[in-house]
Structures are given as C-alpha cells and as structure tokens.
Amino acid sequence: MSDMTLDISQTRPVPFGRLTAVEIRKMADTRAGVWLLGLTVLVTAAFMIIFFLVADSEDRILGNFIGIAATPQGFVLPVLGILLITSEWGQRTAMVTFALEPSRAKVIASKVVAALILGLGAFVAAIALGSLGTLVGGADGGFDNLKVTTFLLFLGLQILGILQGLAYGLIFLNTPAAIVTYFVLPIASSIIFAVVPALQDSAPWVDLGTAQEPLFELGSGGELTGDQLAHLGTTALIWILLPFVIGLARVMRAELK
Amino acid sequence: MIDVTGLTKSYGGFLAVDDISFRCQPGRVTGFLGPNGAGKTTTMRVMVGLTPATRGDVRIGGHRYQDIPNPGTHVGVLLDASAQHAGRTGREVLMVGAKTMGLPESRVDEMLELVSLSQTEAKRRLRNYSLGMRQRLGIAHALLGDPSVLILDEPANGLDPAGIRWMRDLLKHYADRGGTVLLSSHLLNEVELIADDMILIGRGKIVAEGTKKALLAERSTGTLVTAVDNEALSTALAGAGLTVHAAGDGLRVEAEPLQVGQVAADQRLVLAELRPAGGGLESLFLELTSDSQRDDLTEPIEPQGAPA
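Thresholds applied
- Residues numbered from 1 in each chain as written.
- Chains lettered and ligands numbered in written order.
- Predicted model: local features only at pLDDT ≥ 70, side-chain atom pairs only at ≥ 80, totals over all residues.
- Helix = DSSP H or I, 4+ residues; strand = E, 2+ residues; numbered from the N terminus.
- Buried ≥ 20, exposed ≤ 12 C-beta atoms within 10 Å, placed from the backbone.
- Contact = placed C-beta atoms within 7 Å.
- Expected span 1.5 Å × (residues − 1).
- Bend = angle between axes of the 7 residues up to and from the residue.
- Axes fitted to C-alpha atoms, helices over the stretch in contact; angles between N-to-C directions.
- Parallel < 35°, antiparallel > 145°, perpendicular 65-115°, else oblique.
- Left-handed = near helix turned anticlockwise from the far one by under 90°.
- Pairing = 2+ DSSP bridges.

*Asks:* Residues and numbers for the overall build of chain B, please.
*Replies:* Summing up its helical and strand segments, chain B has eleven helices and 13 strands in all. Burial analysis of chain B (308 residues in total) assigns 44% to the buried set. Looking at chain B alone, contacts between residues at least 24 apart form 70% of all its contacts between residues at least 6 apart.

*Asks:* I'd love a proper account of helix α7 (residues 175–195) of chain A, names of residues and values included.
*Replies:* Residue and element names in this part refer to chain A. The terminal C-alpha atoms of α7 lie 30 Å apart, and with 21 residues this matches the ideal 30 Å at 1.5 Å per residue to within 8%. Along α7, the sharpest change in direction is near 25° and occurs at T181. Among all positions of α7, only A178, Y182, S189 and F193 are buried.

*Asks:* Quick one: what's the story with the packing of helix α2 (residues 31–54) of chain A against helix α3 (residues 62–90) of chain A, residue by residue and with numbers?
*Replies:* Residues and elements named next belong to chain A. One can describe the packing of α2 onto α3 by two numbers: an axis separation of 8 Å at closest approach and a directional angle of 160°. Put simply, α2 runs roughly antiparallel to α3. α2 and α3 meet at a crossing whose hand is right-handed. Listed contacts from α3 to L36, L39, T40, V43, T44, F47, M48 and F51 of α2 are F65, I68, A69, T71, P72, Q73, V76, L77, V79, L80 and L83.

*Asks:* Describe the sheet that holds strand β4 (residues 55–60) of chain B, listing the residues and the values that go with them.
*Replies:* All names here are of chain B. With antiparallel pairing, three strands are arranged side by side in an open sheet as β2-β1-β4. Among the strands making up the open sheet, the edge pair consists of β2 (14–24) and β4. On average, each strand axis in the sheet is tilted by 20° relative to the strand beside it, whichever way the strands run. Bridge count for strand β1 (residues 2–11) against β4 is five bridges, and the pairing is antiparallel. Considered in β4, the bridge of D3 is made with R59.

Put into structure tokens, the structure is as follows:
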C-alpha cells in the first residue's frame, strides 16, 4: 500500500446485474418506496374489485380484469419510474451512487432495467389478481379465448409509461416538476389537438393520448392496425425517446450535486 | 498517491479553483484547510469525477477516478454526510454500499462497530440522526470497501471534541498502515489536531503547503513575555544579546521561550506570562487567507444600524 500507484489489475468492475439488484433494493428500502410498491398492487386490486362488483357476470373474464388494471397502473408505474431517478437528486444520494459507479450511462441503464423489472412485477401482479377474480366469481369460461396480444399490449403500455416516467425524471431531476409535467403535458396536448381543427388529422401521429386510445379499447379482443402501430411508434418517439435522450445527455454532462 | 496537476474549475467567469497542484502522500494525513467557499469541496468533487474539471488533471494512484473499477474498494469517499436518503436506516445505507461493492453483510457490522454506532442506532432512520452520527456513518461508508485512499470533505464537522479525537486516532492508524488520507476543514484546530501535512487554500489558490511542523516553524515569531518588572527584564534580555520589542503589557523577544525563561531565572525576575508568540497556526491561517476572508478582521467589527 505504500507505493504511489494503485494496483487495479485484480479488481473487476461492478457487474451490471448487481447494480440493477441494488437499484431495486433502493426502491423498496424506504417507507415511501414500500408505500408506492404496495400502492401499485392495492390500487390494481381495488380497481378489479370495483369492476367485479359492477360488471355483469359474463363480462368477468380475465381479459377484462387485465384491461381494468391498465388504468391505475398507468398512473402509478410512471411515478415509480420518475422517483427511481429523481429521488437520487431530491435526497442527494446521487453523489454516493455515482462515486461508487462513475459510469453514468451504466447507472442510468441499471435504473431503466430495474424499472422494467418492477413493471414486469406489476404485470404479474395484475395477472395474478385478475386470475383470482376470474376463478372466484368469473363467468364460465373466463379463461377461454385468451390472446397473447392482450397481454403484450398491456405490458407494452406499462413499459411505455415507465420509460416516459424515467425520461421526465432525467429531464427535470426533480420529483414535483417531473410528476406534474408527466400528467399535465399529455392533457394539455390532447386538449390542443382536440380543439384546434387544423391539428386534428395529425393528432394520432403526435398526440400520445390519441395514439394510445386503441390500446385501451382493445379489451379482450381485437388487433391493432398497421396505422395504429405506426401512431404508437411516432408518439413514443416524440414523447418518450426524445425526452429520454435529452435527459440522459443532461445527466451525462451535469455536475452531480 | 493523489496527484492534482494544474486543476482549474470555472463557473462562467468565476474561478472556483485556480490552477492548483498538490500531492498527498501515502502513510500521511493531509489536511486541506481553507475558509468557506475557498474551493475545497469543488476540488474534491473533481477528484471523484462528480464535477468535470475545466483544465488540469487528478490522478489517484496513477489513475483517473473514472477508470478505477469498483472504485469504492480502492478510494473511500465522504463528500457530504447529509447526502443520504433521510428515510433509510443507517444500516441500510451501509448495506446499499456493501451490495454495490459486492461485500458480505458482515462487513457492515464491522464498520458499524468501528465507528461506534450501536445496532439500535443503526436501525434508526437517517432523518433522526445528529450530524455527528451522520459523520460517523459517512466514515463507515467510506471505509466499507477497505480502500487505500480516503477523501473526506469536512468529516469532523458536527463531531464533539471526543469525536474529533476519535477521528484523529482512527485516521492516524489508517495512515500508519500505509493509507492515504485527504481531509478538508474550515476549522484550523481540527486540521491542527488530525493532519500531518497541510494545504491551505483561499479563493481557489493554494496559499501555503507543507508539513504541519515546517509551517509552524516558518511562522515562529519569537516569545511573548510579561514580567512584574518589564523594564528590568528588558535590560537583562538586551544584556544577553536578544532583540526585545515592547508588545502590549509585556515584551516580544526574538528568541525561544526557554532562552527568555533562563535569562529571567538568572536575574531572579518574576514572570507573569511566558508563551510562544504568533498563536500557533491560527495567525498563519488568518494571515494567509486574510485577503480571501469574507470578513475584514483588521477592522474592529462595529455594530451596524438596523437594516432598512
């Protein structure tokens, strides 16, 4: 130890999987984190129970249960994505996190993967709760006619929401600003595109809400048309990928306080 | 072990750190001393890659910090003891660090014991920690990966005198085993207690550096002495070939206290006070940073009228 150089030849870099596991741990080791994760499941369950109580018995099929879970999870999961980024700045732990892993791209990537894993967890929880509802009081044949696309679309929607949350978190590095923008901006956009007649034709291409509408209407059946998929693609590019890239560029260059 | 070369960091037109170079040796505790806003924290943040340098270079053991794999196992960093999630328990803060570095859980308990945080305290959330407890936890976090270099920003801030002594012993042992320590402080007596080498910084520039002993010796300005009969003492000292100046109630002599005491004893003169002039490093610190102090200490502080 007494010479002037550090021997780093025997040290392995922090493995990506370990970093991701730590990010998930950090989401669940505070009361706020536990509440948010618990809330995701509770709110999903609550919506399903309400649906269970109001729906006709023949509508109580798994596909519908999953569909009903999309709304509450679409609210909560993006907030989870936002917090995964912004809590590091709000609580100033970014200094510690990035001192232990100076590769900023690697840290952000591990946060993205951690968020996706948590989203996948919410997806599994939704299926589990939905299956339970269907088993307990569902229609006869509630598990019939299941389509893989129903699940994929649901999962896709969740993932888009999480990524959008991450992107806004990266841009603002501030929890309230990111959350407010996440919820207000799409509404403002939808209003503008609905009100201004000249914009109405381009709405599905630019407005996230308009483009995602078909996803919510699919329910247990139906397929997306090629056009609708293209709409989803361009809006995801504008509303999710672009903010993500801008936010990432900001974090890569910023001074971490 | 830590080499800073021509480091400059500017924010717009403001030079937070202005072309500084220094080196921290292994086996020694280097104190980084300066008034608030002198550039200590900025320098340390550049060292660990959190702040990009405008110019210049920092190498730790020959490497850029960003190039050190699993850096926590080589360089222990404490930049701000309060920069931890208020909702995590002390133990969990260490667990997150240990998991990231790939260390066993037993290491967390070892470190808690090292910094004298009890298991009960470790289960409390950080919002309930005093600053002193946060500093201890921060030190534990920095030492988790058994690093050979420590970079600590104001680690003694918030510690009581016993805590400062504890930290001195801890860092001294660490350095004795060959570790390199750089610690900053804006309080002179902290650094005076803990450090072997000192770097004084003011307004982004290094104003003095060297071993604590050398810096003290250089600044020695003789002895202050007060006798019951100053006149007789003055004559006796001049007779012994020493240069004597009047100073306040007594005399300032350009000699060591021992010489002055000997002369007084020989002449059977009664002394009321005998001490080295200059007040240790304090006058050095104030003098060297005087033009970078926010408060002008040469003017007596007058009470100001009530602000409008």
